[in-house]
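This is what each chain is made of:
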Amino acid sequence: KFHCSGKVMSGPETTAFCVTIGLITIPSALFLGFVCPGLVHRNAGFMWVPLLTLVGVVTMVASLTICHASDPGIIPRKPAPVKTPPKIRNIPIPGSNSIERLRYCDTCHFYRSSRTHHCSDCNNCVEGFDHHCPWVGNCIAARNYRYFFCFLLSTSLTLAMVFGISCYYFILIKDDSSNNLGETIANSPVALGLMIYCGVVFLPVVCLLSYHINIISSGQTTKEEVKRIHEDSVNPYDHGCLLNWKYTLCGQRKPSLLPDLTEIVFRSSWCQDQEEEPSENRSLMGSSPPDEVAIEMDVVGPSPPPYETDHVTEEVSVSPLKSPTSSFPSLRSPTSSSNPVSDEAPTI
């Protein structure tokens, strides 16, 4: 999806992205509005808690937004060839004895490299494809993978901090309430809710973070690891643990292959205005080509259906007014193969 006349793009699942933003900002606002003031009031040394929370929230929202609104590495489609090429093409890799296997994409009409895959959700071929994340609402690939990892890392750290601080604040309220659990819950329901929420969300997020730490260290993508592509062969993208981290997070970001979208959007809107202008002029003139054809056909043909079965109308061939989509059964084209017109029929 493109916004602001093509200046900003986003993934196809905008609703999922907005839900994820809400799952981040709403608990953070509750934590900053209810837990942090009471904690700082009891001990001014905890002033760093709201500041660090704001840093975590800004980092999460910024990395998620960039990941959602950036081009993951979409390769523009090519025109369909006249003859469909072979599905597989083997190309030798220079400087080695190995062969790279390229697969032809029937939708985008080009041969994909080993790390380029067609995303069924976005319906595009993406270079360096890792996976499609529904929570981000976009593909995760070579151009936005570092922001996705930053989002996972900042989310895990912020969840752990909010859970620990909320638990500490809940214990302080419990001590003030003479260890009365019911009174403690009544005095700090937000802290208890944040403890439950962070505990439930933290486990899957930290597991996903651990998984990506593992595949980055081994030089793989999610698709390669799930399909076990390099299980029985040497991974040409594995340069060692340290270099894999360097290339993934600090390597040079490839430029986008998409064209200038602002020019395309402007051109399409200009063409649309040009197409709408003649129709408006015809409506102001009060006539249109289909009406003229219908009037001419009414002269030589019977009235609109239902037709009278007893009335016999002589078939007339009018060559300038042939219409293959005409709905009048009494008119027959002189070139028709099914019901040819008799030679005795007069011709005008």
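Rules behind the numbers
- Residues numbered from 1 in each chain as written.
- Predicted model: local features only at pLDDT ≥ 70, side-chain atom pairs only at ≥ 80, totals over all residues.
- Heavy atoms only, no water.
- Helix = DSSP H or I, 4+ residues; strand = E, 2+ residues; numbered from the N terminus.
- Buried < 20%, exposed > 50% of the residue type's maximum accessible area, 1.4 Å probe, protein only.
- Contact = heavy atoms within 4.5 Å.
- Areas by Shrake-Rupley, 256 points an atom, 1.4 Å probe, with all protein chains shown as cover.
- Core = buried A, V, L, I, M, F, W, Y, C linked by side-chain atoms within 4.5 Å.
- Pairing = 2+ DSSP bridges.
- Patch = residues over 30% accessible without salt bridge, like charges linked within 9 Å, V, L, I, M, F, W, Y side chains within 5 Å.
- Salt bridge = Lys/Arg side-chain N within 4 Å of Asp/Glu carboxyl O.
- Axes fitted to C-alpha atoms, helices over the stretch in contact; angles between N-to-C directions.
- Parallel < 35°, antiparallel > 145°, perpendicular 65-115°, else oblique.
- Nonpolar A, V, L, I, M, F, W, Y, C, P; charged D, E, K, R; others polar.
- Phe/Tyr/Trp six-rings, centres within 6.5 Å; stacked < 30°, edge-to-face > 60°.
- Lys NZ or Arg CZ within 6 Å of the ring centre and 35° of its normal.
- pLDDT = per-residue confidence, 0-100.
- Expected span 1.5 Å × (residues − 1).
- Bend = angle between axes of the 7 residues up to and from the residue.
- Disulfide = S-S within 2.5 Å.

K.L.:
Help me understand the overall build of the chain, please; the structure alone is not making it clear to me.
P.N.:
When helices and strands are counted, the chain shows 9 helices and 10 strands. Within the chain, buried positions represent 32% of all 348 residues. Put simply, 60% of the contacts in the chain that link residues at least 6 apart link residues at least 24 apart. Carbon and sulfur atoms make up 62% of the accessible area of the chain, which amounts to about 21,600 Å² in all.

K.L.:
Can you walk me through the nonpolar core in this structure?
P.N.:
The tendency in soluble globular proteins is for nonpolar side chains to be buried as a group. Counting 18 residues, the largest nonpolar core has Leu64, Val136, Ile140, Phe148 and Phe151 as the members making the most contacts within it. Element by element, the count of residues in this core is highest for helix α3 (residues 145-176), at 5 residues. The residues touching valine 136, leaving out its near neighbours within four places in the chain, are Phe17, Leu64, Cys67, His68 and Phe148. Among the nonpolar cores identified, the runner-up in size contains 16 residues, and Phe31, Met161, Tyr169 and Ala191 belong to it.

K.L.:
Would you take a moment to explain the pairing of strand β5 (residues 99-105) for this structure?
P.N.:
In regular strands, side chains alternate between the two faces of the sheet. Across 5 bridges, strand β4 (residues 88-92) lies against β5 in antiparallel orientation. Paired with asparagine 90 across the strands is arginine 101, a residue of β5. Alignment of β5 against strand β6 (residues 110-112), held across 3 bridges, turns out to be antiparallel. Its bridge partner being in β6, cysteine 105 is matched across the sheet by phenylalanine 110.

K.L.:
Can you help me understand a nonpolar patch on the surface in this one?
P.N.:
On the surface, a nonpolar cluster with roughly 300 Å² of combined accessible area is contributed by Val19, Leu23 and Trp135. Position of leucine 23 relative to the elements: it lies in helix α1 (residues 14-42). The partly exposed category is assigned to leucine 23, whose relative accessible area is 39%.

K.L.:
How should I be thinking about the packing of helix α5 (residues 189-218) against helix α7 (residues 241-249) in this particular structure?
P.N.:
For any two helices packed against each other, the geometry comes down to the angle between their axes and how far apart the axes lie. Between α5 and α7, the shortest axis-to-axis distance is 7 Å and the interhelical angle comes to 110 degrees. Overall, the two elements α5 and α7 adopt an arrangement that is roughly perpendicular. On α7, the residues that touch Ile213, Ile216, Ser217 and Ser218 of α5 are Cys241, Asn244, Trp245 and Thr248. By residue class, the composition of the contact of α5 with α7 is 4 nonpolar, 4 polar and no charged.

K.L.:
Please explain the packing of aromatic side chains as it appears in this structure.
P.N.:
For any pair of aromatic rings, the description rests on two quantities: the centre-to-centre distance and the angle between the ring planes. Following the criterion strictly, the structure yields 5 aromatic pairs and no others. Ring-pair connections join several aromatic residues into one group, and the members of that group are Phe46, Trp48 and Tyr168. Over the ring of tyrosine 237 we find arginine 115; its NZ or CZ atom is 3.9 Å from the centre of that ring.

K.L.:
Help me understand the confidence of the model for the chain, please; the structure alone is not making it clear to me.
P.N.:
Fine structural detail should not be taken from predicted coordinates in areas where pLDDT scores are low. A residue-level look at the chain finds 72% of positions with pLDDT of 70 or above and a mean pLDDT of 79. Within the chain, helix α9 (residues 289-300) has the poorest average pLDDT of any element, 39, and α5 the best, 96.

K.L.:
Hey, could you run me through α1 in this one?
P.N.:
Every α-helical turn comprises 3.6 residues, leaving residues that sit three or four positions apart pointing alike. Taking 1.5 Å per residue as the helical rise, α1 with its 29 residues ought to reach 42 Å, and the 42 Å between its terminal C-alpha atoms agrees with that figure. Bending of α1 peaks at approximately 35 degrees at the position of cysteine 36, with proline proline 37 no more than four residues after it. For α1, the full list of buried residues reads Phe17, Thr20, Ile21, Ile24, Pro27, Ser28, Phe31, Val35, Cys36, Gly38, Leu39 and Val40. Residues of α1 that are buried in the fold lie against α2 (48-69), α3 and α5.

K.L.:
Whenever I open this one, the sheet that holds strand β7 (residues 117-119) confuses me. Can you help?
P.N.:
Working definition: the strands of a sheet are paired by backbone hydrogen bonds and lie parallel or antiparallel to each other. Here we have 3 strands laid out as an open sheet, ordered β3-β8-β7, and antiparallel in their pairing. Each edge of the sheet is formed by a strand with only one pairing partner; in this case those strands are β3 (74-75) and β7. With 2 bridges joining them, β3 and strand β8 (residues 124-126) adopt antiparallel strand pairing. Bridging across to β8, isoleucine 75 finds its partner in cysteine 125.

K.L.:
Whenever I open this one, the state of the cysteines confuses me. Can you help?
P.N.:
By definition, a disulfide links the sulfur atoms of two cysteine residues through a covalent bond. Taken as a whole and judged by the stated rule, the model has 0 disulfides. Note on cysteine 133: no disulfide assigned, nearest cysteine sulfur contributed by cysteine 67 at a separation of 7.3 Å.

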